[in-house]
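Listed below, chain by chain, are the residues.
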Amino acid sequence: MSEWLWILIVVAALVVIGLIAWAVLARRRSEHLRERFGPEYDRTVSEHRGRRDAETELQRREEKRERLDIVPLSSESRERYLGSWREVQTGFVDEPTRALTEADRLVTDVMRERGYPMDEFDQRVADISVDHPQVVEHYREAHAIQVASENDETSTEDLRQAVVHYRALFEELLDEREKEEVT
C-alpha cells in the first residue's frame, strides 16, 4: 500500500475514534444531568428546542449554583421558621388567602437566608432546581396559584393546594442533611 493510503486510513481511524469519544461523553453528560435533575430534566427538554439546548441550560444552572454560597440554616433559624410555618397552617382556616401570602413570603425568606439570589421568579426556580429538582415543580405550582389568587381567580381548595406545594419546598429548604454531590 502506498504511504497516502496509510495516512488516509489513520486519519479515518482517528475521526472514528473521535466520534465515538464524543458520543460517549455526550451520553455521560446526559446521564449525569438526568440523574441530577430528575423530572426537571424532562421538563427542561420539553421546553427547549431539543435535548442539546436543554442540557446546555441545565449545565449553566449547575455552574451558576457552584458559584453561590448556599448555607444550611442555624438551628435557631430553623426552629423559628418551623414556628412560623405552624402559624401559616393554623391561620389558613380563618384567612386562606393571607396564609398563602405568608407561605410565599416564608419560603422566600428561607431561600434568602440560605443564600439563594432573590432575582425574578424564573431565576429563583432555576437556582432552586439544581439543589431541589424533585420539588421545584411544587414551587412553580404554588406561585401560579399565588398569582391567580391576587386576581381573585382561586377557590379555597386551590389555596389549600398551593400551601401544600409551598410546604414541600419549605421542608426541603429546612432539611439539614447535606445533599450528596452528584459527580
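Look up a bit, the structure's there.
Residues numbered from 1 in each chain as written. Predicted model: local features only at pLDDT ≥ 70, side-chain atom pairs only at ≥ 80, totals over all residues. Heavy atoms only, no water.

Caption draft 1: Broad picture of the nonpolar core. Ranked by size, the top nonpolar core spans 32 residues in total, and within it V107, Y139, Y166, F170 and L173 carry the most contacts. For this core, the element with the most residues is helix α8 (residues 156–174), which contributes nine residues. In contact with Y166, not counting residues within four places along its chain, are W85, L100, A103, D104, V107, Y139, A142, H143 and Q146. L33, F37, Y41 and V130 belong to the second largest nonpolar core, which has five residues in total. (Core = buried A, V, L, I, M, F, W, Y, C linked by side-chain atoms within 4.5 Å. Buried < 20%, exposed > 50% of the residue type's maximum accessible area, 1.4 Å probe, protein only. Helix = DSSP H or I, 4+ residues; strand = E, 2+ residues; numbered from the N terminus. Contact = heavy atoms within 4.5 Å.)

Caption draft 2: Examining helix α5 (residues 96–114) more closely. Between the first and last C-alpha of α5 there are 27 Å, a value that for 19 residues agrees with the 27 Å anticipated at 1.5 Å per step. Burial in α5 covers these residues: P96, A99, L100, A103, D104, L106, V107, T108, V110, M111 and R114. Those residues of α5 that are buried lie in contact with α4 (75–92), α6 (121–131), α7 (136–150) and α8. Looking one or two places after α5, you find G115, whose phi comes out positive at around 115°. (Expected span 1.5 Å × (residues − 1).)

Caption draft 3: Summary view of a nonpolar patch on the surface. A cluster of nonpolar side chains, W4, I7, V11, V15 and L19, forms an exposed patch at the surface whose accessible area comes to about 530 Å². Inspection of the secondary structure puts W4 in helix α1 (residues 3–37). Judged by its relative accessible area of 68%, W4 is exposed. (Patch = residues over 30% accessible without salt bridge, like charges linked within 9 Å, V, L, I, M, F, W, Y side chains within 5 Å. Areas by Shrake-Rupley, 256 points an atom, 1.4 Å probe, with all protein chains shown as cover. Salt bridge = Lys/Arg side-chain N within 4 Å of Asp/Glu carboxyl O.)

Caption draft 4: Region of interest: the packing of α7 against α8. At a closest axis distance of 8 Å, the pairing of α7 and α8 adopts a crossing angle of 145°. Relative to α8, the crossing made by α7 is left-handed. Together, H138, Y139, E141, A142, H143, I145, Q146 and S149 of α7 and D158, L159, Q161, A162, H165, Y166, A168 and L169 of α8 make up the contact between the two elements. Tallied by class, the residues present in the contact of α7 with α8 amount to eight nonpolar, six polar and two charged. (Axes fitted to C-alpha atoms, helices over the stretch in contact; angles between N-to-C directions. Left-handed = near helix turned anticlockwise from the far one by under 90°. Nonpolar A, V, L, I, M, F, W, Y, C, P; charged D, E, K, R; others polar.)

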